[in-house]
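# What the coordinates show
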Amino acid sequence: MKQLRRVSAGILLAYMLVALSTAYWSLRRDELLARSDNPRQVQATAAIQRGNIYDRRGFVLATTSPEYDGEGQRRLYPHPEAEPAVGYYSMRYGTGGVEASYDALLSGRTDAPSLQTFVSELLHLSPRGGDVRLTLDLQVQKAALEALGSYHGAAIVITTSDGAVRAMASTPSFNPNALDQNWPVLVQESDAPLLNRVTQGIYQPGGTLQTSHLAAALTRGQSTNAPVPAAERPVNINGIRLSCGMIPPLGALTLEQAYLYACPGAFASLPDTPAGAVDASFWRFGLVTRPEILGLVTSIAASPLPLAYEQEPTRIAAGMAGQGSLTVTSLQILDLVSAIANNGNIPLYTLVEATRSPGSTLWTPVNNNGLSRAVLTRQNAERMWEIMRTAALEGIAAPAQAQTDFPLSGHAATAYSGPDARPLQWFVGLIPLENGGAVAAVVVIENAPSPAIAARIGGQVLDAAAQAFNVAPTEMP
Amino acid sequence: MNFSQVTQYCTQRERYLLTVSGLFLLLTALTLGIVQKSLWPPLILLAIWSASAFAGHNLLNQILPQRDPLLFPIAMLLTGWGLALILRLAPVFAWRQALWLAVSLVAMLAISTLPTHLRWLRRYRYTWLFGGLCLLLVTIMLGVNPSGFGPRLWLGLGGLYFQPSELLKLMLVIFLASYLADYHEDIHLAWKRRRWIPSFRAMGPLLLMWGLCTVMTIWQRDLGTAALFFIVFLTMLYIASQRTIYVVLGLAMLLLASVAAYHLYDVVELRIDVWLNPWAEAGGRGYQIVQSLIAFSAGGMFGQGIGMGAPQAVPVVQSDFIFAAVGEEWGLVGAVNMIICLAVLTMRGMQIASLWTASPFRMLLAAGLSVLLATQSLLILGGVLKLIPLTGVTLPFVSYGGSSLLINFILIGLFLVLSSPSASQEDDLT
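Residues numbered from 1 in each chain as written. Chains lettered and ligands numbered in written order. Predicted model: local features only at pLDDT ≥ 70, side-chain atom pairs only at ≥ 80, totals over all residues. Heavy atoms only, no water.

### Observations concerning empty space enclosed by the protein
So the rule is basically this: Here a cavity is any set of points on a 1 Å grid over the protein atoms alone where a 1.4 Å probe fits but cannot get out, and a pocket is any open set with protein on both sides within 12 Å along at least 5 of 7 lines; a residue lines the site when it has an atom within 4 Å of a point. Grid points are joined across faces, edges and corners, and a volume is the space filled by probe spheres set on the points. Helix and strand labels come from DSSP, where a helix needs a run of H or I of at least four residues and a strand needs a run of E of at least two; each type is numbered from the N terminus. All residues other than Ala, Val, Leu, Ile, Met, Phe, Trp, Tyr, Cys, Pro, Asp, Glu, Lys and Arg, Gly among them, are scored as polar; the first ten of these are nonpolar and the last four charged.
By the definition in use, this model includes 4 cavities of 30 Å³ or more. Put simply, the largest cavity is a space of about 110 Å³. Contributing to the lining of the largest cavity are B:Leu25, B:Thr28, B:Ala29, B:Leu32, B:Pro42, B:Leu45, B:Leu46, B:Trp49, B:Gly80, B:Leu83, B:Ala84 and B:Leu87. Of all the secondary structure elements, the ones that give two or more residues to the lining of the largest cavity are helix H1 (3-35), helix H2 (40-63) and helix H3 (71-89) of chain B. Taken together, the residues of the lining of the largest cavity break down into 10 nonpolar, 2 polar and no charged. Counted as a void, the second largest cavity has a volume near 70 Å³. Here the lining of the second largest cavity gets 4 residues from one element, more than from any other, and that element is helix H15 (residues 330-341) of chain A.

### Re the pattern of salt bridges
To be explicit about the condition: Any Lys or Arg side-chain nitrogen located within 4 Å of an Asp or Glu carboxyl oxygen qualifies as a salt bridge. Each residue's exposure class comes from its accessible area (1.4 Å probe, protein chains only) as a fraction of the maximum for that residue type: buried when under 20%, exposed when over 50%, partly exposed otherwise.
In this structure the tally under the stated criterion is 22 salt bridges over all chains. Between B:Arg67 and B:Glu14 there is a salt bridge, and its shortest N-O distance comes to 2.5 Å. Here B:Arg67, found in the loop between H2 and H3, pairs with B:Glu14, found in helix H1; they are 53 residues apart in sequence, far enough to count as distant. The class for B:Arg67 is buried, based on a relative accessible area of 1%. A relative accessible area of 0% places B:Glu14 in the buried class. The partner of B:Asp68 in a salt bridge is B:Arg348, and the shortest N-O contact between them spans 2.8 Å. One end of the pair, B:Asp68, is in the loop between H2 and H3; the other, B:Arg348, is in helix H13 (residues 322-355), and 280 residues separate them in sequence. The network of salt bridges with common partners includes A:Arg50, A:Arg75, A:Glu99 and A:Asp103.

### Some words on the interface of chain B and chain A
Keep this limit in mind: Only heavy atoms enter the contact rule, under which two residues are in contact if any of them lie within 4.5 Å. Summed over both partners, the accessible surface that disappears when two parts come together, traced with a 1.4 Å probe, is what is meant by buried area.
Chain B puts 48 residues into the contact, and the matching count from chain A is 30 residues. Together chain B and chain A conceal approximately 3,300 Å² of surface at their shared face, both sides included; 73% is due to carbon and sulfur atoms. A per-residue breakdown of the area chain B buries against chain A is headed by B:Ile294, B:Ser297 and B:Leu378, which together make up 17% of the total. Linking chain B with chain A are 1 salt bridge, by the criterion used here.

### Looking at the pairing of strand S20 (residues 422-432) of chain A
Residue and element names in this part refer to chain A. For the record, the criterion: Two strands qualify as a pair provided DSSP detects at least 2 bridges between them.
Counting buried positions along S20 yields 8 of 11 residues, so the element is predominantly enclosed. Taking the residues that link successive antiparallel strands as the turn, the strand S19 (residues 409-417)-S20 hairpin has 4 residues, and the phi of Gly418 there is positive, at about 80°. In the sheet, S20 pairs with strand S21 (residues 438-445) via 8 bridges, with the strands oriented antiparallel. In the sheet register, Phe427 faces S21, and the bridge partner there is Val443. Hairpin geometry of S20 and S21 is characterised by an intervening segment of 5 residues between the two adjacent antiparallel strands and by a positive phi of about 100° at Gly436.

And the structure:
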C-alpha cells in the first residue's frame, strides 16, 4: 500500500536525521567541551591526584588528600610558611607560585602520547601528578619568616655557588590551606597578603643603590679612597632630606667610607661620572632587566627613563640616590650581592632542584647548566666583599653581624617611597660557607623606621642559612 | 517452509537475539559493577532481566509460536539497556523499574493470550477510549507528581504511580483504528464526490474524540502527549483515507495551533525560545538542553563507558534525557545503535501493517501503533538533540517510567498477536 510505504519512508528519514544530528554534536566536541559551563572539566581536574612538593631535605610542603570527597581532592600544605615559594592551588581561584609554574607536571598533564596515557584514558584512571623537589630549605624558610615577624616585607636567601633559592619569605602572608574560605577577605586586605613581595614587590631602591655605584666605580677604575667633598652632608631630593644611615666619624669621607655609613651625599653626585655610565651600570647589574628564577614567574617595574636623558641635575641626583624613576624588586638587588659572593658572576637562580614523573622513583635534576653572567672582575668582587665586611664590623651593617658568629658582610640603607615619602629599609649581605661559595640575602622592610632593623633581620636570616649550609643536610627518614 | 519449520526458525532466531542482548547487558553490568565498586546490584538486575527474557520467550513459544522474532528481543534489549542506565543514574528508581518490567511482561503475555481475533478490541472502541478518558479526568482531579512538583500527571496507589495519559495513547490508536476501519471508504470517497469535508457521521465522533483528548492533555499542560496525539491521528487518517490533503490541512492546523500556543502558553513560548537559541540562556532556561548537547559531545565516537561520564549534569537525565546519557557513555556508536533498534521496531510494525491490507482494522492498528512508537521516540530524540522543540515524553522502553514501560509492552503484545499468521480475521466482522 502506497500510504504505508510513504509513512515508513518518512519515519526512516526522521530516524536518519536524528542519527545525523547525533553525529553533528559529536563532531562539535572541541567547541562544546571547552565551554565554561561544562562541569566535566572541573570534575576531571578534581579527580587528579596532584603530585607533592618537597623541600630540599624531603619535607612535604604540599600534598593531596588521598580520599575523594565529592568536591575534588583537597590540597594540603603541612608547612604553610613555605607559601611564598610553593604558592597555592585552588579549584576556585587558580594557582600561584611553583603550583602554577609546574602545574602541568603536578597535575600529570602531558602532551606526549604514551602507552600509559592511552591506558589511563581508556580505563578512565584518574591521572596522578608528578612530584617537585625545591631547593628551598624549610628550616631557613621558617627562620626568615620568624625574623620578619610582624614587619611587612620580603627576604630571599640563596647559595651563591649554584644560585639555589633557600628561603623566600613575604609578609604578611596567608595560609594556603584556608585559601578558599579566606579569599574574599584576602583580596580586600589593605596590606595585600596575596602579593608575593619577593617576586612581585616593586620598591624604590634608595640607598641600596650605593652598592651598585661603588661596584661601578671600582669597575671604571675610579678611586674609591679619595675624599669626596661634602660626602657626610645630607642631601635634599624632591623635598626629602637624605642623611647618613649612621653617624660617620669626623672629617672628610672617601666613597668607601661613605658606603660604610650609608651616606647618600657622596653617591647623589658622583664626581667625574657621566649619567650614561650610571645607566650602563644599572644594566650591567640587572637593575633594569627582568630577574629570572627557574620555576617561578617574576615581575619587573616599567623601564625607567635613562639618566642620560634627564636634563635637570636634581632629577639626575634623585636617580643616583635611588629616589628617581628606577624601581626594583628584591631579586634585582640580589644580583649584585650574589655576583660579589660568586667571583663577579651572577648565577641563574633556581627554586626547583628536581622533578619526578608520575609513578617514578627517580628524580630528574633541574639543571641550570651552571649558567651565570659576569658583571665584575674577581678582584673587584673581592674588594666589594671586603668593604661590605667592614660595613658589618663597624658600619651600617653592624646590627646584622650582632646576630651571628659567622663572618658576615653587608650593607643597609633607607629608601623613601610614595607621595608621603614612607621609609623602607634595605639590607644586602652574605656569609661565606666552609665548602666554598656563600649564602647571600636581601631583605626589604616596608614599615620599619631604621635600616638597623633590616640589618638585624638580615643577620638572623643569614645566620640560619649559614648554620644550615655549613653542615651536610640530613635527609628525611 | 512448513508450520514446524517456521516455528523453529522463529524460536531459534528470537533465542539467538535474546542471548546476544544478554551478553551485551552482562558486559554492561560487569563494567558498571566494577566502576561503582558494587557488583551485586547490576547482577541482580541482570538476573531479573534474564528471568523475564527466559519466561517471556518460552511462554510466547507456546502462545504464539509463529510470531515476529525481532520484536520481543529488541524490546527486551532496550529495556535492559534502560535498566542499566537507570541503575547508573538514579539507583533508587532501578528496582521500581525492574518491578514494572515484571508487570509489563505479564501484561504483554496476557495480551498475547487473549483471543487472536481481536474482536474484543474493535467492538468496544468507545468503551476503551472512554475508560482512558475517565482515568485522565480522575487524574486532573486527583493527580499527583511523585517528585512533589511539576505537572500532576500521575495517579498514585501504594507507592506505585501510573500515568493515565500513557494508556490514553494506546486507547486512542485502538479507537482510531476501529473507527477508521469502519469509515475509511466514506472518508476516501468524500473527495471523489467533490465534497471537501466528509460527512459529520463519518468524521464527527472521530474529531470529537481527538479534540477531547487534546483539550484534556493541554489542560494538564502535557504538550508532548498532545503533539503525539495529533501526529498519530493525522497519520492514521492519511493511511485510512489515502488522501494527502488531510496531511496538508493537518500540518497547516498544527502550524496555526503552534503559533496560537506560543502566544497563549508560557510553557510553549519557553520551549520554542529555548529551542531556537539555548546558548543565550545556557545557565538558565537553556541549561538542560545545553548540558544534553555537551553530553553528546563528551561521548565522542565510542563514549566514555558506563559510569565513566558525567551525564548527571543534565537534569532529569534518567527520564526524558536518558538518550543524552547513552550519547555520553556509549558515544555515537551506542546512540546510533539505539536509534537503529527503535527504527527496526517501528519498521517491523509497519511491515506487519502491510501484511494486513485486506483487513483495515489490523492494518490501521499495526500502523497506528508503529506511528505511536516512532512519534514518541522521534519527539524525545529530536528534542534532546535540539532538532525540534523539547516535549516532555519518555523514550520508549529506555526511560525511567513504569506506565510508559507497561504501555509499550502491551504495544509489543499487540504487535506479536498481529504478526502471528494464526490470527483470524474475524475481527473485521463487527
